[in-house]
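Results of the structural survey
Next come the chains, spelled out residue by residue.
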Amino acid sequence: MQSTRRTFLKTGALGVSISFLAPDFLLKSAMGGQFAPGKVLVILQLAGGNDTVNTFIPYADSKYRTLRPTLGIPDAQILKLDDRMGFHPSMSKLQTLYQRGKLAFVNNVGFASLDRSHFRCQDVWQTADDSYGQTQRGITGWLGRYADTYLPDIGSSLTTLSIGSKIALGLNANEVIAAAVQNAATFDVQTDSRYPGDGASYKATLRAIYDSARPPGSLEVVQNNGKEMFGSIDLLKTIPAASTTAIYPSSGLGNGLKLIAQVLAGDLGTQAVWISNGGFDTHGAQLNTHANLWTDVSESLSAFYDDLATRGISDRVMVMGWSEFGRRVQENASAGTDHGKAGTVLLMGDGIKGGTFYGDVPNLNDLDAGDLKTQIDFRSIYSTIISDWYGKDPLPVLNTSYANLGFVNRARPHVRGARR
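Not measured: the values here are computed from a predicted model.

Analysis parameters
Residues numbered from 1 in each chain as written. Predicted model: local features only at pLDDT ≥ 70, side-chain atom pairs only at ≥ 80, totals over all residues. Heavy atoms only, no water. Core = buried A, V, L, I, M, F, W, Y, C linked by side-chain atoms within 4.5 Å. Buried < 20%, exposed > 50% of the residue type's maximum accessible area, 1.4 Å probe, protein only. Contact = heavy atoms within 4.5 Å. Helix = DSSP H or I, 4+ residues; strand = E, 2+ residues; numbered from the N terminus. Arc of directions from axis to C-beta. Pairing = 2+ DSSP bridges. Axes fitted to C-alpha atoms, helices over the stretch in contact; angles between N-to-C directions. Parallel < 35°, antiparallel > 145°, perpendicular 65-115°, else oblique. Left-handed = near helix turned anticlockwise from the far one by under 90°. Polar contact = N/O pair within 3.5 Å; in protein donor to acceptor, adjacent residues only side chain to side chain.

1. A look at the nonpolar core
Ranked by size, the top nonpolar core spans 50 residues in total, and within it V42, I260, L301, F304 and M348 carry the most contacts. Not counting residues up to four positions away in its chain, the partners in contact with M348 are L97, K102, L103, L301, F304, Y305, V317, M318 and V319. Judged by nonpolar contacts, the second largest core, of 43 residues, contains C121, W274, I376 and F378.

Quick look at the structure:
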């Protein structure tokens, strides 16, 4: 008898039904809510190169207004943190978290070979490796290496999670496969809409194929990816409902953080999450664009913290926000700013020694060819997080020792210039 698509789906699913019920496959999807709660790092990538000078403002420096005659924020509007630095006026929600000791920032962050290229700088930040030009095939991300080193036995298909349509480079790993999710409700295998009655059989057949015993080889990679995909689908069906009290903006970032809170509240074994928010490449007409971007970031992060706190899990979640570089201190002729060098990293959570900043106040009188000078290597932030937040040795992940910046709630020395 001639084989057809429909008969394959019917007989294929029946032929491997015993394999489909194998305990190895069901283990990950059956354990929703049963994984031991662990520390979580949420990476917020501010893609495009955020203008740190108008975000964390060194307003007392006379050069601020000299170099930014139209972009400089009026003194009366700056949300002043002390007599030297203040937040952009759109960041009132973050100012509240700062005053509550839940938020801090690190100034003058970058790396020595920073070249103002979006692509290379994003690659370097995500891999923690500046020894090459563009990303090489097969390169791993720094959190992917962390997962391979310390998290391979978690047993969850959502150990690492990337919000969006593809896995962030920073989560690329050799063993621990990250899940890329945009919407939990629609995260599923897409079947042929012309044959709606075959959907269930098609998925069951795929599940069985992915879970059947095969010798090691190239097929093993495909098989493992498929098993992880279905494990993620099943786990996401178990997440609790979205908060009805936390007020998120109806933006991509707001919706993404809302989903992250649901996943973390479900205790699904997730320990690293990546979310990206773009639009920070403000070469022209920056004033309103930058204000709108930071209104969204501020309100989204504030709602996220409130959501976590209400669910009783804010003590085990840390957020790190970064951008691939800062922008030039002097505004350009298009009422914007061009690519710069050093920037500022944002940190949020109960585990942060907040209400302060780390590193020196940016000195606008001592620049690096018009840019803020790099004083702190970004990998010092990664190293501090791995050591003091996760409680692991950073060396196997970063391959080099970096200074501990002391921003986690553990007894550690602080860098020169850190504020108390």
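2. Here we look at helix α5 (residues 92–99)
Residues L94, Q95, L97 and Y98 constitute the buried set of α5. For α5, the angular spread of the buried residues around the axis is 160°, confining them to a single face. For α5, the elements touching its buried residues are β3 (79–80), β4 (86–87), β5 (103–110), α11 (286–311), β10 (343–348) and β11 (356–358). Just downstream of α5 lies G101, where phi reads positive at about 80°.

3. A short note on the pairing of strand β9 (residues 317–322)
Burial analysis of β9 places six of its six residues in the buried class, the great majority of the element. Residues V317, V319 and G321 of β9 are buried on one face, and the alternating residues M318, M320 and W322, pointing to the opposite face, are buried as well. As defined by bridge partners, strand β1 (residues 40–46) adjoins β9 across six bridges and the pair is classed as parallel. In the sheet register, Q45 faces β9, and the bridge partner there is W322. As paired elements, β9 and β10 share three bridges and run antiparallel to each other. Bridge pairing links M320 to L347 in β10.

4. Considerations on the packing of helix α10 (residues 252–265) against α11
At their nearest, the axes of α10 and α11 sit 9 Å apart, and the two run at 15° to each other. By the angle between their axes, α10 is roughly parallel relative to α11. The handedness of the crossing between α10 and α11 comes out as right-handed. On α11, the residues that touch L253, G254, L257, I260, A261, Q262, L264 and A265 of α10 are D296, V297, S300, L301, F304, D307, L308 and R311.

5. A short note on the side chain of D388
Take D388: it is sitting in helix α12 (residues 378–389). Of the polar contacts made by the side chain of D388, one reaches the side chain of S387; its length is 3.0 Å. A polar contact of 3.2 Å, which involves the side chain of D388, links it to the side chain of N404.

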